[in-house]
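Residues per chain are reported as follows:
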Amino acid sequence: MSDRFNTTEEYSLLLDSEDSLKGFRDRFYIPQGKIYMDGNSLGLLSKDAEQALLSALKDFKELGINGWMDGNPAWFTFAEQLGKKQAAFVGAREDEVIVHSSNTVNLHNLVATFFKPDGSRNKILTDELNFPSDKYAIDSQLLLHGLEPEVHNIMVNSRDGRILEEEDIVNAMSEEVALVILPSVLYRSGQLLDIQYLTDQAHKRGILIGFDCCHSVGAVDHKFSEWGVDFAFWCNYKYMNSGPGATASLYVNRKHFDKAPGLWGWWGYNKSRQFDMDLRFQSAPDAGAWQIGTVHLFSTAPLDGSLKIFAEAGIDRIREKSLSQTGYLMSLIDSLLSKEPYSFSIGTPRQAGRRGGHVALEHDTEAIRINSALKKRGVIPDFRFPNVIRLAPIALYTSYHEIWQVVGHLKEIIDKKEYEEFSLTRETVS
Ligand SMILES: *Cc1c(COP(=O)(O)O)cnc(C)c1O
């Protein structure tokens, strides 16, 4: 935060007035009467995404099967076209990104492709703060190789249960490690790992490395190709605002286009000859090879609208505002809520280069009930067991004034002991 920082409402309004991205808020549907702080879990619908979906439905209505080639855009190459557009926001070359399937399925395919156990180099390095789905997928891939998750999935420990030290990860890159898979941003603490450094270190040791970027793409700028990352994968329903279960994306570095994907299907076939119906698989010469089956048109179309917004706003400006907003939120918490009786603390690293798009607000004893009290007050946060309330200001639609209001709500919830009204149980989806 700048020297001007202060905790007044006027200051939050001043920041809004100086915000060059503020016009994008009107492109989104903000739930009425709510302050939405959960865009890191499910980004809101934009009018652009809605239009893209309606237009796909219209093409289907009017064209039937001719939509494959005559749709606008043509369905047959839709995933490739979107991949090309999204590549610009992750620092990839145009043919290195494809929009396909779900994040977990893509991870399966990427592990099936890049994990080639060779003698004693037969382990996968992950971390103990990993997202469960990633751990399940990796462990089941080990089992398919006849290996044992307890032995062959090495999980780097966190020293404090919140963040991972890059040094500890590098120290674990032993000669037994064939593949490293890490998150770009940790889903609980919001820590951003140093992707470039970890990629260099893995490659120096002859190890391949890939990143789960669910919590960074759309909030953080990446340079996958320049850094030489082997592969990456992410979902498009978080910061990419493309809707629940939106089709996911994956990145494969060009240097691996000579490798056959681990899981074959006709959508990964060389596109120009897909309808030859040849029974011998021949993979596409680009990231398109990692597709398995037919494009899910209606789960994919909203991304086209989202990407239009990203193209106008630019990922650099989005990242800059995101850092400014999370910085502002943390400064307010430090100034107003860190001492007793509030006793909040922040689990997210402070340095700009080490954090993603959300702030992990910790409260040792009452986090779950404070989270419920926030919801009752019209704030939508989310809760991660046992003591983390995640708050994500989204550069495209959250205002500084809303951030200021959220901190005011937190203060009143403690002042009035409002959390005492709520039970200690967690909801099924939190
Ligand atoms: C959101 C998220 C997922 C979800 O995977 P899906 O297949 O889309 O359900 C996986 N990994 C991480 C790190 C996530 O943040």
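Throughout what follows, the structure given in this document is the object of discussion. (Residues numbered from 1 in each chain as written. Predicted model: local features only at pLDDT ≥ 70, side-chain atom pairs only at ≥ 80, totals over all residues. Heavy atoms only, no water.)

### Points about the sheet that holds strand β5 (residues 177-183)
Judged by pairing direction, the sheet is mixed, and its 7 strands sit side by side in the order β2-β8-β7-β6-β5-β3-β4 without closing on themselves. With one partner strand each, in any of the chains shown, β2 (97-99) and β4 (153-156) form the two edges of the open sheet. In this sheet, neighbouring strand axes are inclined to one another by 20° on average, regardless of whether the strands run parallel or antiparallel. With 5 bridges connecting them, β5 and strand β6 (residues 208-212) associate as parallel partners. (Pairing = 2+ DSSP bridges. Helix = DSSP H or I, 4+ residues; strand = E, 2+ residues; numbered from the N terminus. Axes fitted to C-alpha atoms, helices over the stretch in contact; angles between N-to-C directions.)

### Structural notes on the packing of helix α1 (residues 9-17) against helix α14 (residues 400-415)
Between α1 and α14, whose axes approach to 7 Å, the crossing angle comes to 155°. What the angle tells us is that α1 and α14 run roughly antiparallel. Contacts from E9, S12, L13, L15 and D16 of α1 reach α14 at Y400, H401 and W404. The residue makeup of the contact of α1 with α14, split by class, is 4 nonpolar, 2 polar and 2 charged. (Parallel < 35°, antiparallel > 145°, perpendicular 65-115°, else oblique. Contact = heavy atoms within 4.5 Å. Nonpolar A, V, L, I, M, F, W, Y, C, P; charged D, E, K, R; others polar.)

### Some details on the state of the cysteines
A full pass over the atoms with the stated rule returns 0 disulfides. C213 forms no disulfide, and the closest cysteine sulfur to it belongs to C214, at a distance of 8.1 Å. The structure places no disulfide on C235, whose sulfur is separated from the nearest cysteine sulfur, that of C214, by 3.2 Å. (Disulfide = S-S within 2.5 Å.)

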